[in-house]
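Survey of secondary and tertiary structure
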Amino acid sequence: MKTVFKWLNRIVSTILIALLVAVAGLVIVTKLQGGTPEVAGFQLKTVLSGSMEPEIQTGSVIAVKTLQEQEKNDLKVGDVITFMEKENKLVTHRIIEVKQTVDGSLYTTKGDNNNGPDREAVLAANVVASYEDFTVPYIGYIASFAQSPNGALAFLVLPGILMVGYSLITITLAIRRIDMQEESEHADAK
């Protein structure tokens, strides 16, 4: 029984420490990169509208691959891209038409759930990334909260509180076990 408890204790402690380090790392990387976490060329984006439903739900987090300049001109009809719209707003929509111009490719895009194409075509230079068919529903709500000042604090403090709470429980159980052993030894001595 003691061996099982020790292993369980180590596993839970390792998970809590890993969680604390991962969350702290994500928050720090997000802040250093200006709010856009990127790992191995992939960015995580939060979906704020239903324009791509049902494939990409509002509140989902999607993985998009950052594109090099040449890759931006090689996209085809059916690809889902993230591009910079006016006012520095990012949009993720599907390419429905490709035209070649002297300035490079020009993409007509449309949200799957929208009635018609987007008003303005997208220059290849304005393409930021391509969608990589990786979506985690509803996590975007948590990610948006985590990027807020209160959320960053909460996600750094919460794992710490969990570790302290777990440590207190572990210490209390260890003290009880020692007390029970002493009482048992005391009873045997009589």
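Okay, so let's go over this structure.

Cut-off values and rules
- Residues numbered from 1 in each chain as written.
- Predicted model: local features only at pLDDT ≥ 70, side-chain atom pairs only at ≥ 80, totals over all residues.
- Heavy atoms only, no water.
- Helix = DSSP H or I, 4+ residues; strand = E, 2+ residues; numbered from the N terminus.
- Contact = heavy atoms within 4.5 Å.
- Areas by Shrake-Rupley, 256 points an atom, 1.4 Å probe, with all protein chains shown as cover.
- Phe/Tyr/Trp six-rings, centres within 6.5 Å; stacked < 30°, edge-to-face > 60°.
- Lys NZ or Arg CZ within 6 Å of the ring centre and 35° of its normal.
- Polar contact = N/O pair within 3.5 Å; in protein donor to acceptor, adjacent residues only side chain to side chain.
- Patch = residues over 30% accessible without salt bridge, like charges linked within 9 Å, V, L, I, M, F, W, Y side chains within 5 Å.
- Salt bridge = Lys/Arg side-chain N within 4 Å of Asp/Glu carboxyl O.
- Lys, Arg positive; Asp, Glu negative; His and termini not counted.
- Charge placed at Lys NZ, Arg CZ, Asp CG, Glu CD.
- Buried < 20%, exposed > 50% of the residue type's maximum accessible area, 1.4 Å probe, protein only.
- Pairing = 2+ DSSP bridges.

Brief notes about the overall build of the chain
Along the backbone of the chain there are four helices and eight strands. Taken from N to C terminus, the helices and strands of the chain fall in the order α-β-β-β-α-β-β-β-β-β-α-α. The contacts in the chain between residues at least 6 apart in sequence include a share of 53% that link residues at least 24 apart. Surface exposure of the chain reaches about 12600 Å², of which carbon and sulfur atoms provide 63%.

Considering unusual backbone geometry
Along the chain, Glu53 connects to Pro54 via a cis peptide bond; the corresponding omega equals 10°. Mapped onto the secondary structure, Pro54 falls in the loop between β2 (42–46) and β3 (61–66). In this model, Asp133 sits at a positive phi of 55°, which is unusual for a non-glycine residue. Tracing the backbone shows Asp133 in strand β8 (residues 127–136).

Overview of the packing of aromatic side chains
A full pass over the atoms with the stated rule returns zero aromatic pairs. The ring of Trp7 has Arg10 lying over it, and the distance from NZ or CZ to the ring centre is 5.3 Å.

What to know about the environment of Thr58
Tracing the backbone shows Thr58 in the loop between β2 and β3. Sequence separation between Thr58 and Tyr141 is 83 residues, and the spatial gap between their C-alpha atoms is 9.0 Å. If near-sequence neighbours (up to four positions away) are discounted, Thr58 is found in contact with Val47, Leu48, Ser49, Gly50, Glu53 and Tyr141. Separated by 3.2 Å, the side chain of Thr58 and the backbone nitrogen of Gly50 make a polar contact. Within the structure, the side chain of Thr58 is placed 3.0 Å from the side chain of Glu53, a separation counted as a polar contact.

A look at a negative patch on the surface
Residues Asp179, Glu182, Glu183 and Glu185 make up a contiguous surface patch of negative charge. On the secondary structure map, Glu182 appears in helix α4 (residues 149–189). For Glu182, a relative accessible area of 47% translates into the label partly exposed.

Section: the pairing of β3
Taken together, the five bridges between β2 and β3 define a ladder with antiparallel strand orientation. Note on β3: the bridge partner recorded for Phe42 is Lys65. Both β3 and β8 contribute to a ladder of five bridges, which runs antiparallel. The partner of Val64 across the bridge, within β8, is Tyr131.

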